[in-house]
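Observations on the three-dimensional arrangement
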Amino acid sequence: MRQQLLQYVAESAAEDLPAYVYDLGDLREHAAAVRAALPERVQLFYAAKANADPRLLDVLRDHVDGFEVASGGELHHVHFTCPDTPIAFGGPGKTPAELEHALQAGVERLHIESEQELHLLTGRLGERTVDVLLRVNLPIALGPVALAMGGRPSPFGLDPSHLDRCLALIADDPRIRLRGIHVHLASGLDAAAHLDLARQVLTWVTERSDRHGVELTEVNLGGGMEVDYADPDRRFDWAAFGAGLRRLLEGHPGLTLRIEPGRSVTVYCGWYVTEVLDIKRSHGRAFAVLRGGTHHLRTPATKQHNQPFTVIPADSWDRPWERPEAEDELITLVGQLCTPKDVLARNVHVGRLRVGDKIAFALAGAYAWNISHHEFLMHPAPQFHHLDHAPVPTGPLP
Ligand SMILES: *Cc1c(COP(=O)(O)O)cnc(C)c1O
């Protein structure tokens, strides 16, 4: 945890908690490093569904080639927040109104998920043209991964056996410019597994385009770069991934690659900060009840992990009774919800934890607040803070 952030948390008042704190400087550095690790022929899109906080998008737009959105709502929000940044629109079940919205907003790519969607699109194109990728659920063997979206029965993308019909529809319609193929098959892939996937996808795409005589010049490999919640310092190896893609591209001179990570871009910059309201023991186990809970940070409940955290001790105690504490023991960190599922970390070791101490949960910058069930039990919403430590420009003032 950065010093500036630590200090900020230590100084925040209890009534200002829980809070989401975003370290924008950290995000800026991370996004720049990701971009720098990728070859020029790899375009970087950020999947907005991971976290579409406007301040985060504002930082990211300087480091990405575009944003990927997965609904009309995200399209509206991202287009409004960053009107000049290219947008790719994907996701299953696009409605006629969303397709119209996409055409009017002038999305840079439309990711087509089915034959039905293609028919809906052609029906409302009129005189307009559109650049599309066909999302295909490729028959690719994936190792054990966190969350498989394809390579097996799935509602996402086209079955490869339906590709021919879609290609025929597109071939007959000059308004639809087929740029290539989109895949997003899994999440939780490390660099080696993602490169292996990329290799298989490119082999498949090359065979297909040779067989059909169609020119597929763009392949979007999706997102899904691994984030290790058990070890926040073990990060996706962007340098190895970039080097591997560079080698892979040497064998495919006319091809442009695209990736659209979400979680691995923004997860590290966000912290969910709260305080310990109560500590108690029940049938031999220790529990710390925190202000807030999984209605603000649902990720550990959905992914069934322990959210990593840092304890920021608060030394003052002005109550007349003994301060409840846990020392050198295993404790379960829960929230304020009346459900046994409201667990942020289970049986984790703490050196010392006392009522009134603050806890900052790490890796809360993606799929955190925005996937949580905010209204359940009607507790107050957290506050949101954006810390920035952008270098102040030196030199003469204009
Ligand atoms: C969710 C999603 C992503 C981003 O996935 P991450 O695991 O957050 O990197 C990218 N592309 C598509 C199509 C998605 O649905």
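Residues numbered from 1 in each chain as written. Predicted model: local features only at pLDDT ≥ 70, side-chain atom pairs only at ≥ 80, totals over all residues. Heavy atoms only, no water.

For the protein, the count of helices and strands is eleven helices and 18 strands. The C-alpha radius of gyration of the protein comes to 24 Å, within 12% of the 21 Å expected for a compact globule of 398 residues. Overall, the protein is about 80 × 60 × 40 Å in size when its C-alpha atoms are taken along their principal axes. Across the 398 residues that make up the protein, the buried fraction comes to 51%. Relative to all contacts within the protein whose residues are 6 or more apart in sequence, the contacts with residues 24 or more apart total 73%. Put simply, the protein shows about 18300 Å² of open surface, and 52% of that area lies on carbon and sulfur atoms. Here the protein contributes 39 positive and 52 negative side-chain charges, whose respective centroids are spaced 3 Å apart. (Helix = DSSP H or I, 4+ residues; strand = E, 2+ residues; numbered from the N terminus. Rg over C-alpha atoms; globule rule 2.2 N^0.38 Å. Buried < 20%, exposed > 50% of the residue type's maximum accessible area, 1.4 Å probe, protein only. Contact = heavy atoms within 4.5 Å. Areas by Shrake-Rupley, 256 points an atom, 1.4 Å probe, with all protein chains shown as cover. Lys, Arg positive; Asp, Glu negative; His and termini not counted. Charge placed at Lys NZ, Arg CZ, Asp CG, Glu CD.)

Right, let's get into helix H9 (residues 238–250). In a regular helix each residue adds 1.5 Å, so 13 residues correspond to 18 Å; H9 covers 18 Å between its end C-alpha atoms and thus fits that length. Among all positions in H9, only Trp238, Phe241, Gly242, Gly244, Leu245, Leu248 and Leu249 are buried. All buried residues of H9 fall inside an arc of 165° around its axis, so they share one side. Every exposed residue of H9 that faces more than 90 degrees away from the buried side is listed here: Ala239, Arg247 and Glu250. Buried residues along H9 sit in contact with helix H2 (24–37), strand E2 (42–47), helix H8 (191–212), strand E11 (256–259) and helix H10 (263–266). (Expected span 1.5 Å × (residues − 1). Arc of directions from axis to C-beta.)

Here we take up the packing of H8 against H9. For the pair H8 and H9, the least separation of the axes is 9 Å and the interaxial angle reads 20°. As judged from the angle between their axes, H8 and H9 are roughly parallel. Crossing geometry of H8 relative to H9 is assigned as right-handed. Across the interface between the two elements, Ala191, His194, Leu195, Ala198, Arg199 and Leu202 from H8 touch Ala240, Phe241, Gly244, Leu245 and Leu248 from H9. (Axes fitted to C-alpha atoms, helices over the stretch in contact; angles between N-to-C directions. Parallel < 35°, antiparallel > 145°, perpendicular 65-115°, else oblique. Left-handed = near helix turned anticlockwise from the far one by under 90°.)

With that settled, consider the site of the ligand. Surveying the vicinity of the ligand reveals 14 residues, the closest of which are Lys49, Gly224, Glu260, Arg263 and Tyr367. The backbone of Arg263 places a nitrogen or oxygen atom 2.8 Å from an oxygen atom of the ligand. A distance of 2.5 Å is found between an oxygen atom of the ligand and a side-chain nitrogen or oxygen belonging to Tyr367. When isolated, the ligand has an accessible area of 390 Å², and the protein chains bury 90% of it. Across the shell around the ligand, the residue classes tally to three nonpolar, six polar and five charged. (Near = heavy atom within 4 Å. Polar contact = N/O pair within 3.5 Å; in protein donor to acceptor, adjacent residues only side chain to side chain. Nonpolar A, V, L, I, M, F, W, Y, C, P; charged D, E, K, R; others polar.)

The assigned domain composition of the protein is domain 1 (3–20 + 268–393) and domain 2 (90–261). Each partner contributes to the roughly 680 Å² buried at the junction of domain 1 and domain 2, and carbon and sulfur atoms together form 68% of this total. Among the residues domain 1 hides against domain 2, the three largest losses belong to Tyr268, Lys303 and Leu363. Together they make up 70% of the total. On the surface where domain 1 and domain 2 come into contact, there are zero salt bridges. At the junction of domain 1 with domain 2, the criterion picks out zero residue pairs in polar contact (both at pLDDT 80 or more). For the side of domain 1 that touches domain 2, the class distribution of residues is three nonpolar, four polar and one charged. (Domains from an automatic or database assignment. Buried area = accessible area lost by both parts, 1.4 Å probe. Salt bridge = Lys/Arg side-chain N within 4 Å of Asp/Glu carboxyl O.)

Below, the discussion takes up the side chain of Glu260. One can find Glu260 in the loop between E11 and H10. Within the structure, the side chain of Glu260 is placed 3.1 Å from the side chain of Asn220, a separation counted as a polar contact. For Glu260, the residues in contact, after removing those within four places along its chain, are Phe45, Ala47, Glu68, His111, His182, Asn220, Gly222 and Gly223.

The subject of this paragraph is the pairing of strand E8 (residues 176–182). Regular strands place side chains that alternate from one sheet face to the opposite one. The buried fraction of E8 is high, at five of seven residues. With six bridges joining them, strand E6 (residues 130–135) and E8 adopt parallel strand pairing. Pairing of Asp131 across the sheet is with Arg177, part of E8. Where E8 and strand E10 (residues 218–220) come together, three bridges link them in parallel fashion. Residue Gly180 lies in a different strand from E10, and its bridge partner there is Glu218. (Pairing = 2+ DSSP bridges.)

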